[in-house]
Amino acid sequence: MTKPSQLTSPPPAAPTARPRTGRGHWRGWAGALCSGVWLVLAPWGAQAASPLPLQGQTVRIAFIDPLSGPAADIGRNSLRSWQFMAEHMGGAANPAGVRFVVAGFDNKGSPQESLNALKVAIDQGFRYVVQGNGSGVAATLSNAIARHNLRSPERSVVFINYAAMDPELTNEKCNFWHFRIDADTAMKMRAMTGFMAAQPELRRVYLLNQNYAHGQQFSRFFRDTMAQQRPDVQIVGDELHPPFQSHDFTAHVRSIQASGAQALATGNWGADLRDLVKALHKQGVYLPIYAYYPALKGVPEALAETGGRLPVYQVAYNHSNQAGPIQALATAFRKQHGEDLTLYASYDGIAMLSHAMAHVGSTDPARVAGRLSGMIFKGFNGPVHLRADDHQLLKGLYVSRWQKVDAAHPRSAEETGYTFAPVQYMAAAQISGPTSCQMQRP
């Protein structure tokens with residue numbers, strides 16, 4: 001099998017084939033984007049140098065995600081990430097001068113509980129909502145917020161989706177008030193299968209996923225996208241299991257081993273990915289894993305217990321050794337909370353709100369949403385674009401490899417002595433597709 005570390009594919013503007021970790025993206029975008037883009041960015045820099053237009057104002061953000069139950073550890077880490085970024089990027093640290101406050105609302109992973117939390121948040125005066133764990137929840141919130149804003153435009157609410165990946169949310173189910181700042185399943189799958197398809201010896205893949213919308217979509221999109229790129233690759237197993245039920249993965253591991261699979265692809269996250277890793281280690285099955293979420297809380301510790309014998313490749317918009325200002329923030333987060341910063345999207349969320357608010361000179365959600373639509377702003381890894389057609393954030397993705405830290409990749413994941421080191425970068429243009437969104441604008 002071709003060594004994945006040799007399969008680098010940098011953005012067109014890159015002068016070398018080295019995976020880039022942040023700073024180089026500014027130069028790459030400068031060469032790739034038209035000059036009109038920079039006319040959009042220019043006013044923000046000018047305003048940042050002038051008195052802060054909204055100094056003294058506070059914007060409250062309602063975080064609605066699981067804070068109890070089997071996914072609570074991921075939810076609490078995400079909440080802390082948003083609160084941390086709000087603290088460190090608020091006030092004089094942003095071009096608007098706005099102070100951000102993030103409050104957690106426990107939805108227990110339930111769409112109905114999410115609606116209850118949304119009502120409480122709106123009644124308490126929150127006008128910005130963030131959520132990410134569960135596309136079903138995201139669809140419920142998106143619809144409810146759109147209906148609320150139609151009935152009560154004077155109390156409009158903006159919804160920032162930081163992780164729910166169902167492509168329909170920015171296609172058939174799109175609406176003006178919803179903004180997704182993570183790549184969707186189709187984008188991530190193009191990156192994953194593109195990387196795997198470039199390995200000519202890879203011919204047999206096993207799929208194992210959680211039996212709900214995300215896991216089902218992972219399986220379907222993997223099959224369809226891989227068939228387009230490498231029709232000779234066989235899917236030798238395709239299993240779904242109940243999510244977050246302290247599942248015993250031993251039987252699955254034995255099936256994987258018996259299938260002759262050369263690789264395992266999974267959308268599992270949280271406890272289900274941790275338990276899968278532990279079961280593979282216990283059974284001595286060390287085939288490559290391709291996944292979206294191996295950096296989330298607890299998984300690096302489980303991977304480290306295998307002694308580096310389990311090859312793991314992560315597809316995500318970041319990796320352990322990201323350069324730029326996010327590096328210092330990640331270090332400070334680890335020191336403050338004793339856990340890794342994994343939700344880098346929280347940086348982009350606070351950045352985009354502060355830039356939009358500075359530009360319109362207001363915290364009013366309707367005016368801010370109008371500015372966010374189509375906006376290009378400075379994210380944690382360079383300029384990114386919130387496409388006006390569907391409010392999908394267009395950003396590149398990394399494939400990174402689990403390995404021991406070294407001089408070039410010194411940042412350890414969960415202080416294990418291992419890290420996720422980038423081996424390939426795919427620019428937004430390489431992974432983004434068209435949208436079928438027919439957005440109704442207020």
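Heads up: the structure comes first, above all this text.
Sequence order sets the numbering: in each chain, residues are counted from 1 along the sequence as written. The predicted origin of the model limits local features to residues at a pLDDT of at least 70 and limits the giving and counting of side-chain atom pairs to 80 or more, whereas totals for whole chains, interfaces and linings rest on all residues. Computation of side-chain values covers all heavy atoms of the structure but excludes hydrogens and water.

**Q** So what exactly am I meant to see when it comes to the packing of aromatic side chains here?
**A** Describing an aromatic ring pair means giving the distance of the ring centres and the angle of the ring planes. Each pair of aromatic rings taken from Phe, Tyr and Trp, with Trp reduced to its six-membered ring, is defined by centres within 6.5 Å and is described as stacked if the planes are under 30 degrees apart, edge-to-face if over 60, and tilted in the remaining cases. As enumerated under the stated definition, the model contains 17 aromatic pairs in all. Considering the side-chain rings of Tyr290 and Tyr313, the 5.1 Å spacing of their centres and the 15 degrees angle between planes classify their relative orientation as stacked. Residue Tyr290 is found in strand 9 (residues 289-291), and its partner Tyr313 is found in strand 10 (residues 312-316); the two are separated by 23 residues along the sequence. Judged by its relative accessible area of 8%, Tyr313 falls in the buried class. With centroids separated by 5.3 Å and ring planes inclined at 85 degrees, the aromatic side chains of Tyr344 and Phe380 adopt a geometry described as edge-to-face. Here Tyr344, found in the loop between helix 11 (325-337) and helix 12 (345-360), pairs with Phe380, found in the loop between strand 11 (376-379) and strand 12 (382-386); they are 36 residues apart in sequence, far enough to count as distant. Members of the aromatic cluster, each reached through a chain of ring pairs, are Phe218, Phe222, Tyr292 and Tyr293. In our convention, an over-ring charge means Lys NZ or Arg CZ found within 6 Å of a ring centre and within 35 degrees of that ring's normal. Directly above the ring of Phe126 sits Arg60, whose terminal nitrogen or CZ lies 4.2 Å from the centroid. When the ring centre of Tyr317 is taken as origin, the NZ or CZ atom of Lys395, which lies over that ring, is 4.1 Å away. Helix and strand assignments follow DSSP, with helices taken as H or I runs no shorter than four residues and strands as E runs no shorter than two, numbered in order from the N terminus. Burial classes: relative accessible area under 20% of the type maximum marks a residue as buried, over 50% as exposed, and values in between as partly exposed (1.4 Å probe, protein chains only).

**Q** Looking at this structure, how should I read the side chain of Ser373?
**A** Along the chain, Ser373 falls in the loop between helix 13 (365-372) and strand 11. Apart from the residues lying within four places of it in its own chain, the contact partners of Ser373 are Phe179, Leu386, Ala388, His391 and Arg441. Contact between two residues is taken to exist if any of their heavy atoms lie within 4.5 Å; hydrogens are not considered.

**Q** Can you walk me through the environment of Glu414 in this structure?
**A** Inspection of the secondary structure assignment puts Glu414 in the loop between strand 14 (397-404) and strand 15 (418-426). Of the residues examined, Glu414 reaches a relative accessible area of 9% and is grouped as buried. Distance in space between the C-alpha atoms of Glu414 and Leu341 is 9.5 Å, their sequence separation being 73 residues. If we skip the residues at most four places from it in the chain, Glu414 touches Leu296, Lys297, Gly298, Val299, Pro300, Glu301, Arg334 and Asp340. Polar contact criterion, stated in full: a pair of N or O atoms within 3.5 Å, where within protein one must be able to donate a hydrogen and the other to accept it, and residues adjacent in sequence count only if both atoms are side-chain atoms. In terms of polar contacts, Glu414 uses its side chain to reach the backbone amide nitrogen of Gly298, at 2.7 Å.

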